[in-house]
Amino acid sequence: ERTSVVLTSPTPGATIRFTLDGSVPSPDAPVYTGPIPLERTATVRARAFAPGRDDRFVASSTFTRVVPRDAAKVDASSLAPGLSCRLYEGEWRKLPDFAALTPARALVIPTVALTPEMPKERFGLVCAGYLAVPADGLTTFSLRAEDGAQLLVDGESVIGNEPTDYLSRRGAAALQAGLHAVEVRYFQRNFVAGLGLRMDAPGESLTPVPPSRLFHAR
């Protein structure tokens, strides 16, 4: 697949020249006449030239071609709705090493959110399962948490959200359509609590992950 890069200049009548190898565009560089198609990783640098105007500013952006990760080979009949969670009790200032701790209990949540049966403070969660991705391509995730959380997709960290004022952090992964292993790690110390995950996929807008896309092994 390819993507297209569009260049504009706020200077009326300026001639935009560009390069794709990371070098600074010279007055002899190719002239931009329309969207630039890219099929591989490239650094696009652009420079606007106009008589009597300062032309020293160079805009630059790198576009990286990625290969979507394979979907997991999982028998759908072995899955149940929701994510399987382990709940831990304790007080931390950052995400702990949950593997070294003993969970207080287990539960299943329908989507990435806090539920009424959870404590109000001083607890942690590790929720794991599978996410159904509807189409091949780059999927963007937005994780919002108070106090801190982390999102892993196919075992790789996509978002690390350390203690904040309930701000969203974004990350992206190139994924094939199908099921992908996901894990959300979360901790809440005190006062305000919150947890939420949104995603988009090719052709979709960024919206909360619906229960219909989350599963765990029975």
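Structure: see above.
Report follows, based on the coordinates. Just so it is clear, the structure is predicted and the values come from calculations on it, not from any experiment. Just so you know, the residues in each chain are numbered from 1, in the order the chain's sequence is written. The predicted nature of this model means local features are confined to residues of pLDDT at least 70 and side-chain atom pairs, given and counted, to a pLDDT of 80 or more, with totals for whole chains, interfaces and linings taken over all residues. Note that the side-chain values use all heavy atoms of the structure and ignore hydrogens as well as water.

### Digging into the pairing of strand β11 (residues 148-153)
Here β11 lies mainly inside the structure; six of its six residues are buried. Working definition: with a 1.4 Å probe on protein chains only, accessible area under 20% of the residue-type maximum means buried, over 50% means exposed, and in between means partly exposed. Each helix corresponds to a stretch of at least 4 residues labelled H or I by DSSP, and each strand to a stretch of at least 2 residues labelled E; elements are numbered beginning at the N terminus. Covered by surrounding structure in β11 are G148, Q150 and L152 together with A149, L151 and V153, the residues of both alternating faces. By this definition, two strands are paired if DSSP reports at least two bridges between them. When β11 meets strand β14 (residues 178-188), the two strands line up antiparallel, connected through six bridges. Within β14, the position partnered with L151 by the bridge is V184. Strand direction decides the pairing type here: β11 and strand β12 (residues 156-161), joined by five bridges, are antiparallel. For Q150, the partnering residue across the bridge sits in β12 and is G160.

### Focus on the nonpolar core
In this structure, L125, L131, F141, L151 and L195 are the most contacted members of the largest nonpolar core, which totals 30 residues. Top contributing element to this core by residue count: strand β9 (residues 123-133), with five residues. Residue types Ala, Val, Leu, Ile, Met, Phe, Trp, Tyr and Cys, when buried and joined through side-chain atoms within 4.5 Å, form a set referred to as a nonpolar core. Core analysis: the second largest hydrophobic core is formed by ten residues, L7, L38, A42 and V44 among them.

### Some words on the pattern of salt bridges
Salt bridge criterion: a side-chain nitrogen from Lys or Arg within 4 Å of a carboxyl oxygen from Asp or Glu. Going through the model one piece at a time under the given rule, you end up with nine salt bridges. R122 is the partner of E121 in a salt bridge, and the nearest nitrogen-oxygen pair spans 2.5 Å. E121 gets classed as partly exposed once you look at its relative accessible area, which sits at 34%. Take R122: its relative accessible area is 35%, and that puts it in the partly exposed class. Across the pair R185 and E183 runs a salt bridge, and its minimum N-O distance is 2.5 Å.

### Observations concerning the sheet that holds strand β15 (residues 194-199)
Reading across the sheet, the four strands line up as β13-β10-β15-β16 and stay open at both edges, with antiparallel pairing between neighbours. Strand pairing shows two members of the sheet lacking a second neighbour, β13 (168-175) and β16 (207-208), which therefore form its edges. In the sheet, strand β10 (residues 137-146) pairs with β15 via six bridges, with the strands oriented antiparallel. Among the inter-strand pairings, F141 is bridged to a residue of β15, identified as M199.

### Re the state of the cysteines
Here, a disulfide means two cysteine sulfur atoms that sit within 2.5 Å of each other. Here the structure, examined in full by the defined rule, presents one disulfide. With its sulfur 2.1 Å from that of its partner, C85 forms a disulfide with C127. Where C85 bonds to C127 through sulfur, the torsion about that S-S bond is close to 110°, and the disulfide is right-handed. With C85 in strand β7 (residues 83-89) and C127 in strand β9, the pair connects residues that are 42 residues apart, well separated along the chain. Overall, C127 belongs to the buried group, its relative accessible area being 4%.

### Some details on unusual backbone geometry
Of note, the bond from E146 into D147 is cis; its omega dihedral lies within 30 degrees of zero at 25°. Tracing the chain through its elements places D147 in the loop between β10 and β11. For D154, which is not glycine, the phi torsion reads 55° and is therefore positive. Here D154 is to be found in the loop between β11 and β12. Assessed through its relative accessible area of 28%, D154 is described here as partly exposed. The phi dihedral of F191 is positive, around 60°, even though this residue is not glycine.

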